[in-house]
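Examining the three-dimensional arrangement
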Amino acid sequence: MTSLKIDSAAKTIDAELTLKGEPAPILISLANYSFDNATFRAQSVRINREWMELLAQDLLPKGLPVPPDLAKWLTMVL
């Protein structure tokens, strides 16, 4: 991860990832996120890789379970 910006007041997350084998960074923008009951959701998802964006648009509004050890940290950050 080369950059991460979390705006908890606006409920947005922007990240830039450099993955091995990828020619260019992956840019991720999430908006209207929520985290409750160890489940992370985002209503708006933009990723500069179409297949990743389609997958995230399908999964994130429904919610992704977060392991308990990580959930306690996310509660403090988000």
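Everything here concerns the structure above.
Residues numbered from 1 in each chain as written. Predicted model: local features only at pLDDT ≥ 70, side-chain atom pairs only at ≥ 80, totals over all residues. Heavy atoms only, no water.

1. Side note on the pairing of strand β3 (residues 26–36)
The sheet contact formed by strand β2 (residues 12–17) and β3 spans six bridges and is antiparallel. Directly across from L17, in β3, lies its bridge partner I26. Pairing between β3 and strand β4 (residues 39–47): eight bridges, direction antiparallel. The residue of β4 that forms the bridge with Y33 is A42. The turn linking β3 back onto β4 is made up of two residues, and N37 within it adopts a positive phi angle of 50 degrees. (Pairing = 2+ DSSP bridges. Helix = DSSP H or I, 4+ residues; strand = E, 2+ residues; numbered from the N terminus.)

2. Brief notes about a nonpolar patch on the surface
A grouping of M1, L4, I6, L70, W73, M76 and V77 is seen on the molecular surface, where their side chains present a nonpolar patch of about 750 Å² in accessible area. Where the nonpolar patch is concerned, the elements lending two or more residues are β1 (3–7) and α2 (68–77). Residue contributions to the nonpolar patch peak at four residues, all from α2. Along the chain, M1 falls in the segment before β1. (Patch = residues over 30% accessible without salt bridge, like charges linked within 9 Å, V, L, I, M, F, W, Y side chains within 5 Å. Areas by Shrake-Rupley, 256 points an atom, 1.4 Å probe, with all protein chains shown as cover. Salt bridge = Lys/Arg side-chain N within 4 Å of Asp/Glu carboxyl O.)

3. Some remarks on the pattern of salt bridges
Applying the stated criterion across every chain, the model contains three salt bridges. We note a salt bridge from K62 to D58, for which the minimum N-O separation is 3.2 Å. Here K62 falls in the exposed class, since its relative accessible area comes to 56%. The partly exposed category is assigned to D58, whose relative accessible area is 41%. (Buried < 20%, exposed > 50% of the residue type's maximum accessible area, 1.4 Å probe, protein only.)

4. Concerning the pairing of β4
Of the pairings in the sheet, the one linking β4 to strand β5 (residues 64–65) comprises two bridges and is antiparallel in character. Paired with F40 across the strands is L64, a residue of β5.

5. Let's talk about the packing of aromatic side chains
Inspection of every chain in the model, using the stated rule, returns one aromatic pair. Ring centres 5.9 Å apart and planes at 20 degrees place the aromatic pair Y33 and F40 in the stacked group. Judged by relative accessible area, F40 falls into the buried class, the value being 11%. (Phe/Tyr/Trp six-rings, centres within 6.5 Å; stacked < 30°, edge-to-face > 60°.)

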